[in-house]
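Structural characterization, general
Chain residues, written in single-letter form:
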Amino acid sequence: MGMLARLRRRLTLLAAALTGCVVLAVAAVSFVLCASMYTSQRQAAFEAAVAGLRSQWETENALDLSQTQNTTEQNGLYLYFEENSQPLVISGLTENGSMEQIRQALRQAGFDPELPPLFSRTETAELPHVKISNQPVRLSACKQTTGEGWRMLIVWQPLRAERQILWRAAAAFLLVAMAGIGVLAAVCWVVAGRAIRPVRQAMEQQREFVRAAGHELRTPLSVLRAGLAVLPGEKESEARRHISLLDAETARMGRLIDELLILSGGGMIQASQPQWLEPDTFLLELAEAWEPAAHSRGRRLQVILPPQPLPPVQVCREELGQILGIFLDNALRYSPEGKAVELYCAAQGRKMIWEVCDHGPGVPDQAKEAVFRRFWRADASRSSREHFGLGLSVAQELAGRCGLQLGVSDTPGGGATFRVEVDRS
């Protein structure tokens, strides 16, 4: 199970890594889009505030101190006014500490704050991102000609608070993404556990199969070894009796090995080719072949057929015969002496059905789903050395190869009815 635990961890890590990359990519794209929208909105608000200040100064040739103060506080703006190269001081609004760096940035952008407008009444410069005193700012400048000369308005907006908001948003996106990855990892762990559950069950069945097969093979081998050890010193009559017993054990071990080979082959062994057969005739021939075996065990066979002839069906004849033979062997083993084992065949809808009915102890309802499992027996003590508990699982394996369906139900009056179905289409 250590291998399966490692496999589960690796599947979880792989799935979590792949889904985590997707989640991180989605979070990154979402953050970039949100940050772009937020920055655009802030830029638009800045431009609107600057446009309002310019319009007020141009149309009214003066600034309303209260309105200007509200605009600067709401948008976090700093203002600088100049008329004919002379600064205008508006109490509480003007900031001159960084003016030299601002002038230098404007010159680099082709806007000389020392000269009046050269080619038009208005000259502007917009710098969405420059560094002033090592701090990022948004910068806008405008020069206008007047009847008495010219004037200039410079507005800048520090981006530090905006950047802090973006950093906090990035951290929030990252936390949400990590939480999502954690949830996905938990889901992947559960899904990986469910995905390897069939593998775990198959390995458990394999171990059970090997353990039970070893148990079954050990008994005839022990008998053979013990018989061969005492055989040289026995009289001729005793030696012949022991040889007969050893031959029976050899045949028994051969049957067990044949069944194990059928089960171990799985889907690698090809089924025989389907062929057309008459279901009623096939059942009569099967009953005739098994009549001596039934007679030797003190049982009799009874074939029940519908009054009308049954239509032919295409089926794997060899596998069908083996499956019905397994059902017959079980029925003869468990049916009381003197009771008939009934063989039945009929067409039901689009299916052809063969049934083998006995009047033995039957199969409990809680065990009906397990009867086709390997080494299953109603008698868990395994006291019968003639029966390995493999026959019905061999029947299930054969049915799977050629598209047959098996089932078990109660026989009216007591006993078990084993059924084989095939589609007639």
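Scoring rules and cut-offs
- Residues numbered from 1 in each chain as written.
- Predicted model: local features only at pLDDT ≥ 70, side-chain atom pairs only at ≥ 80, totals over all residues.
- Heavy atoms only, no water.
- Patch = residues over 30% accessible without salt bridge, like charges linked within 9 Å, V, L, I, M, F, W, Y side chains within 5 Å.
- Areas by Shrake-Rupley, 256 points an atom, 1.4 Å probe, with all protein chains shown as cover.
- Salt bridge = Lys/Arg side-chain N within 4 Å of Asp/Glu carboxyl O.
- Buried < 20%, exposed > 50% of the residue type's maximum accessible area, 1.4 Å probe, protein only.
- Helix = DSSP H or I, 4+ residues; strand = E, 2+ residues; numbered from the N terminus.
- Pairing = 2+ DSSP bridges.
- Polar contact = N/O pair within 3.5 Å; in protein donor to acceptor, adjacent residues only side chain to side chain.
- Contact = heavy atoms within 4.5 Å.
- Axes fitted to C-alpha atoms, helices over the stretch in contact; angles between N-to-C directions.
- Parallel < 35°, antiparallel > 145°, perpendicular 65-115°, else oblique.
- Left-handed = near helix turned anticlockwise from the far one by under 90°.
- Nonpolar A, V, L, I, M, F, W, Y, C, P; charged D, E, K, R; others polar.
- Phe/Tyr/Trp six-rings, centres within 6.5 Å; stacked < 30°, edge-to-face > 60°.
- Lys NZ or Arg CZ within 6 Å of the ring centre and 35° of its normal.
- pLDDT = per-residue confidence, 0-100.
- Expected span 1.5 Å × (residues − 1).

So, a nonpolar patch on the surface
- Among the surface-exposed residues, Leu 24, Leu 174 and Met 178 lie close enough to one another that they form a single nonpolar patch of about 270 Å² accessible area.
- Overall, Met 178 belongs to the partly exposed group, its relative accessible area being 47%.

A look at the pattern of salt bridges
- Enumeration over the complete set of coordinates arrives at 15 salt bridges.
- Of the charged contacts in the structure, one is a salt bridge between Asp 410 and Lys 368, with a shortest N-O distance of 2.9 Å. In this pair, Asp 410 is assigned in strand β11 (residues 405-410) and Lys 368 in the loop between β10 (351-357) and α8 (391-402), connecting sequence segments 42 residues apart.
- The exposure class of Asp 410 is partly exposed, given its relative accessible area of 44%.
- Ionic contacts of the salt-bridge type, sharing partners, join the residues Glu 82, Glu 100, Arg 103, Arg 107 and Glu 114 into one network.

Regarding the pairing of strand β12 (residues 416-423)
- In terms of burial, β12 is a largely internal element, 7 of the 8 residues being buried.
- Both β10 and β12 contribute to a ladder of 7 bridges, which runs antiparallel. Note on β12: the bridge partner recorded for Glu 355 is Arg 419.
- Across 6 bridges, the pairing between β11 and β12 is antiparallel. Within the sheet, the bridge partner assigned to Gln 405 lies in β12 and is Glu 421.
- Hairpin connection of β11 to β12: 5 residues between the antiparallel strands, including Gly 413 at a positive phi of 90°.

Notes on the side chain of Ser 140
- Within the secondary structure, Ser 140 sits in strand β4 (residues 135-146).
- Separated by 2.6 Å, the side chains of Ser 140 and Arg 54 make a polar contact.
- Every residue in contact with Ser 140, bar those within four places of it in the chain, is listed here: Phe 46, Val 50, Arg 54, Ala 125, Glu 126, Leu 153, Ile 154 and Val 155.

Section: the packing of helix α6 (residues 279-296) against helix α7 (residues 317-334)
- Two elements in contact, α6 and α7, have axes separated by 11 Å at closest approach and are oriented at 40°. Put simply, α6 runs oblique to α7. In the crossing of α6 with α7, the sense of the turn from one axis to the other is right-handed. Two secondary-structure elements touch here, α6 through Phe 282, Glu 285, Leu 286, Trp 290, Ala 293 and Ala 294 and α7 through Arg 317, Leu 320, Gly 321, Leu 324, Gly 325, Leu 328, Asp 329 and Leu 332.

Side note on the packing of α7 against α8
- Viewed as axis vectors pointing N to C, α7 and α8 meet at an angle of 160°, and their least axial separation amounts to 9 Å. Taken as axis vectors, α7 and α8 run roughly antiparallel relative to one another. Between α7 and α8 lies a crossing whose hand is left-handed. Counted together, Glu 319, Gln 322, Ile 323, Ile 326, Phe 327 and Asn 330 of α7 and Gly 391, Leu 392, Val 394, Ala 395, Leu 398, Ala 399 and Cys 402 of α8 form the full contact between these two elements.
- Its residues assigned to classes, the contact of α7 with α8 comprises 9 nonpolar, 3 polar and 1 charged.

Regarding the packing of aromatic side chains
- The final tally for this structure, using the stated rule, is 3 aromatic pairs.
- Geometrically, the ring pair formed by Phe 31 and Phe 173 is edge-to-face, given 5.8 Å between the ring centres and 65° between the ring planes. Here Phe 31 is found in helix α1 (residues 2-60), whereas its partner Phe 173 is found in helix α4 (residues 160-230), with 142 residues between them in sequence.
- Just above the ring of Phe 111 sits the side chain of Lys 143; from NZ or CZ to the centre is 4.7 Å.

Notes on unusual backbone geometry
- Located in the positive-phi region is Ser 85, a residue other than glycine, with phi close to 65°.
- The residue Ser 85 is located in the loop between β1 (78-83) and β2 (86-88) in this model.
- On the basis of relative accessible area, Ser 85 is assigned to the partly exposed category, the value being 35%.
- Phi at Ser 133 takes a positive value of approximately 55°, unusual for a residue other than glycine.
- The topology assignment puts Ser 133 in the loop between β3 (122-132) and β4.

Quick notes on the sheet that holds β3
- Read across the sheet, 5 strands follow the order β2-β1-β5-β4-β3 without closing on themselves; strand pairing throughout is antiparallel. Strands with a single pairing partner mark the edges of an open sheet, and in this sheet they are β2 and β3. Averaged over all neighbouring strand pairs, the angle between strand axes comes to 20°, with direction disregarded.
- Direction of pairing for β3 relative to β4: antiparallel, over a ladder of 9 bridges. Directly across from Thr 124, in β4, lies its bridge partner Cys 142.
- Of the strands in this sheet, β1, β3, β4 and β5 (149-158) are in contact with helix α3 (residues 99-108), which crosses β3 at around 115°.

Digging into the environment of Leu 406
- Secondary-structure assignment places Leu 406 in strand β11.
- In the structure, Leu 406 is positioned 14 residues away from Leu 392 in sequence and 9.7 Å away in space, judged by C-alpha atoms.
- Those residues in contact with Leu 406 that lie beyond four places of it in its chain are Ile 323, Phe 327, Phe 372, Ala 395, Gln 396, Ala 399, Arg 419 and Val 420.

A word on the confidence of the model for the protein
- Considering every residue of the protein, the mean pLDDT works out to 80; 81% of them sit at 70 or more.
- Of all the helices and strands in the protein, helix α5 (residues 236-265) carries the lowest mean pLDDT, 68, while β10 carries the highest, 93.
- Throughout residues 379-388 the model reports pLDDT below 50, and contacts reaching past four residues in sequence, or to other chains, amount to 26 contacts.

Re α8
- The end-to-end C-alpha separation of α8 is 17 Å, in line with the 16 Å expected for 12 residues at 1.5 Å each.
- With 9 of its 12 residues buried, α8 lies for the most part within the structure.
- Along α8, the residues that are buried comprise Gly 391, Leu 392, Ser 393, Val 394, Ala 395, Glu 397, Leu 398, Ala 399 and Cys 402.
- Downstream of α8 by one or two residues, Gly 403 has phi in the positive range, about 75°.

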